[in-house]
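An overview of the molecular structure
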Amino acid sequence: MGKQIFTPDSKIRDLLQNPVGYDILAKLVTQTGKSMSLVRNPIVGNLRLRQLRFLAPKLIDDDLIAALLGLLNREPEQPPAEEEKPEKAWWKEAVVYQIYPRSFKDSNCDGIGDLPGITEKLGYLKALGVDVLWLSPVYDSPNDDNGYDIRDYRAILREFGTMEDFDALLEQAHARGMKLVMDLVVNHTSDEHPWFQAAQDESSPYHNYYIWKKSADPAKPPNNWISLFGGSAWSYYEKAGAWCLHLFTKKQMDLNWENEAVRAEVYDIMRWWLKKGIDGFRMDVISFISKAPGLPDGNRTIGGMMGFCGVEHYFYGPRLHEYLRELRRETFGRYDVLTVGEAPGVGMEISKLLTAQSRSELDMVFCFDHLENPGKARFDDYRYDLNFLKKGWSDWQLHYGNDCWNTLFLENHDNPRMISKVNPDPQYRQTLGKLLAVMQLTLKGTPFIFQGQELGMINADYQSISQLRDIESLNLYGELVPKIGEEAAFKKVVAGSRDNARAPMQWSGAANGGFSDVKPWIDATGDYPACNAESEEQDGNSLLRFYRALIALRHASPALVYGDFIPVKPDVRDVFCYFREYEGARFYVELNLSTQEKKRPLAVDGFRRIVSGYPDQSAMLRPYEAAVYAVD
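Here's what I pulled together on the structure shown here. (Residues numbered from 1 in each chain as written. Predicted model: local features only at pLDDT ≥ 70, side-chain atom pairs only at ≥ 80, totals over all residues. Heavy atoms only, no water.)

Section: the pattern of salt bridges
Condition: Whenever a carboxyl oxygen of Asp or Glu lies within 4 Å of a side-chain nitrogen of Lys or Arg, that contact is scored as a salt bridge. Under the scheme used here, helices are H or I runs from DSSP no shorter than 4 residues and strands are E runs no shorter than 2 residues, and both carry numbers assigned from the N terminus. Classification of residues uses two cut-offs on accessible area relative to the type maximum, computed with a 1.4 Å probe and protein chains only: under 20% is buried, over 50% is exposed, and between them is partly exposed.
Under the defined criterion, the tally for this structure stands at 45 salt bridges. Where Arg319 meets Glu258, a salt bridge forms, and the shortest distance between an N and an O atom there is 2.8 Å. Separated by 61 residues along the polypeptide, Arg319 in the loop between helix H13 (300–306) and helix H14 (320–330) and Glu258 in the loop between strand S10 (252–254) and helix H12 (260–276) bring together distant segments of the chain. Classification of Arg319 as partly exposed rests on a relative accessible area of 22%. The exposure class assigned to Glu258 is partly exposed, which follows from its relative accessible area of 41%. One salt bridge connects Glu322 with Arg319, and the closest N-O pair in it is separated by 2.6 Å. Judged by its relative accessible area of 38%, Glu322 is partly exposed.

What follows is the structure in structure tokens.
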């Protein structure tokens, strides 16, 4: 059967057969709060693409349809057929713990977390039960974007320590049976990287390491692409007489992956770290490395929906799969390591193409659609509805397939704390934290815990823009102030600032939460006297102890890793219940997603309760109650 070519006369139902088409429709439907049953309806399904203009003339025009067709006709492949059972792998059974080194533990009293500080806390991490440590970047960097702008991939940033400190951390982590994963940032480098310094000379062989374009008007960028951190995605360089692309800050210059020499350099860097003995890579915005030929203007309607004009030309570029297969073949495919790619904008069907074992690309990807409710964005101040998380995660559990493997995460260095998003009322903090832990640690996929999540850390209580350090937040504040004023701008920015997750780790009730003996690089949250590792260690009912028990249960129970997911009465709102079954072992999980008492969808008489957010049993499910039962 030949490749299907989509045209304006293609029907909506045909799009569902294409991975890109399915994901685009799913995203549009979800954002309007509708169900995919809408597009499966025969009446809607028989509509032709060109007819969409008449349904939404203010939103859909010929240019938008042309942009959609360009994406649809780019992907000729289909996800692999369903496998009967998932194949076992150590990284599927692991629990990963993300460390943001700058905010984890300061060992030398300069206010900045460092590698010896992480080594100092390996005993804590081992006791928690985590198997893999993922470090956000520790390479040499000017720190324009806190290390995600790399100046030297084979050196450690001085404020984090030395390469000897890194080697000691790696050795001691391995000695405790833990693995270590590095953050790989190869969509872009710092503008201070020697490659880019040389690249400004048009005659240099490094010039084509980056993406340059000339324009008729030196005052006008070559296309309308917008940086993910605000403003044009282009900067003009007098020395080169051309514009250079940066999808992020003005100091993060996009590498030209079309250049085989660039790819060879990246692979050499990766092999250097793998030979050191690291256990894998988390790959920053790896889905952005392929850009559409010619770098055409972005569609303004798509830009308005996504927030970034031009994103359709790089979020899932035409050579992405080719690059990932080559990358695996030349580097990590030769080792037994973990690879997880950050893939903003992709959905389940594209993710299958990126992670299916039979396709030899990545092991897992991070998709972010579950982090915000429909119609909401990160900088909106609202209360997150957990029913959306239930629906989204259930969909992935049921339909992602056994040839692929999912990531389970609720927090990371780029997002506010989930407890604060769902319900900031302090009376629910512990029970809500336990509910989120049960959900994350009893579903199929590899759980990724962000530092402090196991303590129930919440958003920082910043009161002024002067307390923020994140360049994304500061840029957005600068854009908003002329439009809505300082007070409203700060209120919006602080609600979604990445600095909420980057406040120092809370080790004790001492000054600065025990993170440092001096003022930290960013202010500590105000609640560290009440929420810290030292006090939770002494409390048998604490969230920290709860995480330890859950992680231990997961490690001891293959059914919680590889088992089938069987939902129980999934249409009942505010209640999320399911079985996990594998080779004769069965577990039952019940979760109340609300602050109201709820009836149990299924009687638990005869089940053996193993873990629960409440110390006793009740006839009704209490607010945010979560429990795991063995079904003997």
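Now, onward.
Focus: the packing of helix H15 (residues 348–355) against helix H16 (residues 386–399)
Definition in use: Interaxial angle, 0 to 180 degrees, is taken between N-to-C directions of lines fitted to C-alpha atoms, where a helix line uses only the stretch in contact. Should an angle fall under 35 degrees it is called roughly parallel, over 145 degrees roughly antiparallel, and 65 to 115 degrees roughly perpendicular, with every other angle called oblique. In this scheme the handedness of a crossing depends on how the near helix is turned from the far one: anticlockwise by less than a right angle means left-handed, clockwise means right-handed. Contacts: residue pairs with any heavy atoms within 4.5 Å of one another. In this count, Pro and Cys sit with the nonpolar residues alongside Ala, Val, Leu, Ile, Met, Phe, Trp and Tyr, while Asp, Glu, Lys and Arg are called charged and the others, Gly among them, polar.
Following both chains from N to C, one finds H15 and H16 inclined at 45°, their axes separated by 12 Å at the closest point. Here H15 lies oblique to H16, going by the angle between them. The handedness of the crossing between H15 and H16 is right-handed. Taking contact as the criterion, the partners of Met348, Ser351 and Lys352 in H15 are, on H16, Asp395, Trp396 and His399. Looking at the contact of H15 with H16 residue by residue, the classes come out as 2 nonpolar, 2 polar and 2 charged.

Things to note about the packing of aromatic side chains
Definition in use: Centres within 6.5 Å make a pair out of two Phe, Tyr or Trp rings, where for Trp the six-membered ring is used; the pair is then stacked when the planes are under 30 degrees apart, edge-to-face when over 60, and tilted otherwise.
Applying the stated rule across the entire model yields 39 aromatic pairs. Taking the centre distance of 5.4 Å and the plane angle of 55° together, the rings of Trp225 and Tyr314 count as tilted. One end of the pair, Trp225, is in the loop between strand S7 (212–213) and strand S8 (234–237); the other, Tyr314, is in the loop between H13 and H14, with 89 residues separating them in the sequence. Exposure class is identical for Trp225 and Tyr314. Each is buried.

So, empty space enclosed by the protein
Put simply, the test is: With a 1 Å grid laid over protein atoms only, a set of points is called a cavity when a 1.4 Å probe fits there but cannot get out and a pocket when it is open yet has protein on both sides within 12 Å along at least five of seven lines; lining residues have an atom within 4 Å of a point. Grid points are joined across faces, edges and corners, and a volume is the space filled by probe spheres set on the points.
Tallied over the full model, the rule gives 3 cavities of 30 Å³ or more. Considered as a void within the structure, the largest cavity measures approximately 70 Å³ in volume. In terms of lining residues, the largest cavity is bounded by Leu410, Glu411, Met418, Ile419, Gly433, Leu436, Gln453, Gly456, Met457 and Tyr547. Mapped onto the lining of the largest cavity, the elements with two or more residues apiece are helix H17 (418–422) and helix H18 (429–441). Considering only residue class, the lining of the largest cavity consists of 6 nonpolar, 3 polar and 1 charged.

Things to note about the sheet that holds strand S13 (residues 364–366)
Condition: Any two strands between which DSSP finds at least two bridges are classified as paired.
Pairing in this open sheet of 8 strands is parallel, and the strands run S13-S12-S11-S5-S2-S1-S15-S14 from one edge to the other. This sheet does not close on itself; its edge strands, each paired only once, are S13 and strand S14 (407–409). Along the sheet, successive strands turn relative to each other by an average axial angle of 25°, direction set aside. On top of the sheet, H12 reaches strand S5 (179–184) and strand S11 (280–283); it is set at about 140° to S11, its chief contact.

With respect to the environment of Asp191
To be explicit about the condition: Polar contact criterion, stated in full: a pair of N or O atoms within 3.5 Å, where within protein one must be able to donate a hydrogen and the other to accept it, and residues adjacent in sequence count only if both atoms are side-chain atoms.
Secondary-structure assignment places Asp191 in the loop between strand S6 (188–190) and helix H11 (194–199). Separated by 199 residues in sequence, Asp191 and Lys390 have C-alpha atoms that sit 42 Å apart. Excluding residues that lie within four positions of it along the chain, Asp191 makes contacts with Phe196, Gln197, Lys250, Lys251 and Met253. Looking at Asp191, its side chain comes within polar contact range of the side chain of Lys251, at 2.7 Å.

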